[in-house]
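Examination of the molecular architecture
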Amino acid sequence: LALGLFCGSASARQMWLPTIDNPYCAITTYLLPELPEQAMSSIDSDDRPIIVVSALTLAATRAYGRFLMAHECCHHTLGHVNTFHREMGHLGPQPFFYIAPALKRMELDADCCAVKMLKQTHEPESIEAARQQMANFGTQPTGAYYPTGIERADNIAKCAAQD
């Protein structure tokens, strides 16, 4: 989850990495044109929370991009990033098999949290864009050790239906 490109002083990062206003949390959110993920949460070299969003994803579908920003905020507010770095990060790359259930649960929890945020800000189009985007994955996982698209689409719909 940590990105090597965020090493170095905070002032050096601020000079060359573009940021975007994230309406869902006060965490510095970087907007990068070439990001292999759609979005991710991490901590920088000074242990400050950060979010990185793909500029291409955000430009392609603004509504889905807003869901992504809310989802990544939720990873921080729900403690997922700290849990990963403190409790799981020491495991190294090979034992991800053992933490796969925790990663799946974190994704589903962050999806539901994002839906709640988007309901509060009256953005049903972002919720629906996320549900459709996940449904497009079908039975394929939405990332390494993540739930399938169907699992996430069903979870988003279930969370959206709750009061």
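Residues numbered from 1 in each chain as written. Predicted model: local features only at pLDDT ≥ 70, side-chain atom pairs only at ≥ 80, totals over all residues. Heavy atoms only, no water.

**With respect to the sheet that holds strand 3 (residues 39–43)**
- Spatially, 1-2-4-3 is the arrangement adopted by the four strands of the open sheet, whose pairing is mixed. Two strands bound the open sheet, and with one partner strand each, they are strand 1 (19–20) and strand 3. (Pairing = 2+ DSSP bridges. Helix = DSSP H or I, 4+ residues; strand = E, 2+ residues; numbered from the N terminus.)

**Things to note about unusual backbone geometry**
- Although it is not a glycine, Asp 47 adopts a positive phi angle of roughly 65°.
- You can see Asp 47 is positioned in the loop between strand 3 and strand 4 (49–54).
- Phi is positive for His 122, which is not a glycine, with a value near 55°.
- If you trace the backbone, His 122 turns up in the loop between helix 5 (96–120) and helix 6 (124–137).

**Side note on the pairing of strand 4**
- Summarising burial for strand 4: five of the six residues are buried, a large majority.
- Bridging between strand 2 (residues 28–32) and strand 4 involves five bridges; their strand directions are parallel. When the sheet's bridge partners are listed, Leu 31 is paired in strand 4 with Val 53.
- Direction of pairing for strand 3 relative to strand 4: antiparallel, over a ladder of five bridges. When the sheet's bridge partners are listed, Ala 39 is paired in strand 4 with Val 53. (Buried < 20%, exposed > 50% of the residue type's maximum accessible area, 1.4 Å probe, protein only.)

**Observations regarding the confidence of the model for the protein**
- Taken residue by residue, the protein gives an average pLDDT of 85. The fraction at 70 or more is 83%.
- When pLDDT is averaged over each element of the protein, helix 7 (residues 149–161) comes out on top at 98 and helix 1 (residues 10–16) at the bottom at 49.
- Here residues 1–15 scores under 50 on pLDDT; set against residues more than four positions off or in separate chains, the count is 32 contacts. (pLDDT = per-residue confidence, 0-100. Contact = heavy atoms within 4.5 Å.)

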